[in-house]
Amino acid sequence: MLIHPWDAPHDENEWRDWLSRHDFGQLAVNGLPGDPPWVQPMHFRYEAEPGPYGKVLAHLARPNPLWRALEANPTVLLSVVDDYVFVPGTWTAPEGTPAAHGTPTSYYASVQLRCTAHVVDDPAEKAELLNRQVAHFQPDGGTAPAVPGEAPFGRLLSGIRVLRLEVTEVRAKFKYAGNKPQEVQDRVMERLAERDGPRDRAARGHQVRRRAATD
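Let me sum up the structure you'll find in this document. (Residues numbered from 1 in each chain as written. Predicted model: local features only at pLDDT ≥ 70, side-chain atom pairs only at ≥ 80, totals over all residues. Heavy atoms only, no water.)

### Points about the pattern of salt bridges
Okay, step 1: The full count for this structure, using the stated rule, is 17 salt bridges.
Okay, step 2: Linking Arg161 and Glu71 is a salt bridge whose minimum nitrogen-to-oxygen distance equals 2.9 Å. Residue Arg161 is located in strand E7 (residues 160-175), and its partner Glu71 is located in helix H2 (residues 67-72); the two are separated by 90 residues in the primary sequence.
Okay, step 3: Given the relative accessible area of 11%, Arg161 is considered buried.
Okay, step 4: For Arg201, the salt bridge is made with Asp196, and the minimal N-O distance between the two is 2.7 Å.
Okay, step 5: Residue classification places Arg201 among the exposed positions, given a relative accessible area of 65%.
Okay, step 6: Counted as one network, the salt bridges with shared partners bring together Arg45, Glu47, Lys55, Glu128 and Arg132. (Salt bridge = Lys/Arg side-chain N within 4 Å of Asp/Glu carboxyl O. Helix = DSSP H or I, 4+ residues; strand = E, 2+ residues; numbered from the N terminus. Buried < 20%, exposed > 50% of the residue type's maximum accessible area, 1.4 Å probe, protein only.)

### Digging into the packing of aromatic side chains
Any pair of aromatic rings gets described here by the distance separating the centres and the angle formed by the planes.
Okay, step 1: According to the stated counting rule, one finds three aromatic pairs in the structure shown.
Okay, step 2: Residues Trp15 and Tyr46 carry aromatic rings whose centres are separated by 6.3 Å and whose planes lie at 65° to one another, so their mutual orientation is edge-to-face. Of this pair, Trp15 sits in helix H1 (residues 12-20) while Tyr46 sits in strand E3 (residues 45-47); the two residues are 31 residues apart in sequence, bridging distant segments of the chain.
Okay, step 3: The exposure class assigned to Trp15 is buried, which follows from its relative accessible area of 4%.
Okay, step 4: The side chain of Arg161 reaches across the aromatic face of Trp67, ending 4.8 Å from its centre. (Phe/Tyr/Trp six-rings, centres within 6.5 Å; stacked < 30°, edge-to-face > 60°. Lys NZ or Arg CZ within 6 Å of the ring centre and 35° of its normal.)

### What about the packing of helix H4 (residues 182-195) against helix H5 (residues 200-214)?
Two quantities define a packed helix pair, namely the angle between the axes and the distance from one axis to the other.
Okay, step 1: Running from N to C, H4 and H5 cross one another at 150°; their axes reach a closest spacing of 9 Å. Taken together, H4 and H5 sit at an angle that is classed as roughly antiparallel. When the axes of H4 and H5 are compared, the crossing they make is left-handed. Across the interface between the two elements, Gln182, Gln185, Asp186, Val188, Met189, Leu192, Ala193 and Arg195 from H4 touch Asp200, Ala203, Arg204, Gln207, Val208 and Arg211 from H5.
Okay, step 2: Among the residues forming the contact of H4 with H5, the class breakdown is six nonpolar, three polar and five charged. (Axes fitted to C-alpha atoms, helices over the stretch in contact; angles between N-to-C directions. Parallel < 35°, antiparallel > 145°, perpendicular 65-115°, else oblique. Left-handed = near helix turned anticlockwise from the far one by under 90°. Contact = heavy atoms within 4.5 Å. Nonpolar A, V, L, I, M, F, W, Y, C, P; charged D, E, K, R; others polar.)

### Some points on the pairing of strand E4 (residues 55-61)
Okay, step 1: Most of E4 sits out of view: five of its seven residues are buried.
Okay, step 2: In terms of strand pairing, E3 meets E4 through three bridges, oriented antiparallel. Bridged to Glu47 within E4 is Lys55.
Okay, step 3: Two elements, E4 and E7, share seven bridges in a ladder whose sense is antiparallel. If you follow Leu57 over to E7, its bridge partner there is Arg164. (Pairing = 2+ DSSP bridges.)

Here it is in structure tokens:
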């Protein structure tokens, strides 16, 4: 992922805060020789500790075909992308030039976590990590905990494997016209507010927030 200086996060808090509110991504696992990479969409729980970058908890079905590739090479990449919008070229033309000369582009936020994967099969540890993941998505509870050997989920534990991903590197990007003149940024923000389509408010919010942080 190319990250220009104007698209880089202002500090670690920026990508950490964004990641705390985005918990669905794609896990890329190196394929076996001759195979392309495996790419698995999944929900996950990000935990800021331990280590400098934290860790990720997830689980997948035992029959998932990616396990052999993951065990052959535990270095994986978790990619999370959201708050993306298409920006028509007519919005981005420099002042004093025809609207048709503007460049169409995309705005988006992305965090990529390079990780070392640890596969958890011990029933007790698997249940504990699974319960932590469920608690992230259901903080108010309502679902019985998984306990090995106990109903209702104990017997289902054998059908999944838990992934504990130790994050070793983070690459983050917030591509929201940070390199454009202020008048172009203002125009894009106005158009996003007028269009008010899916993710337009989130994209505009990033523009407003990031510009305020540099003023």
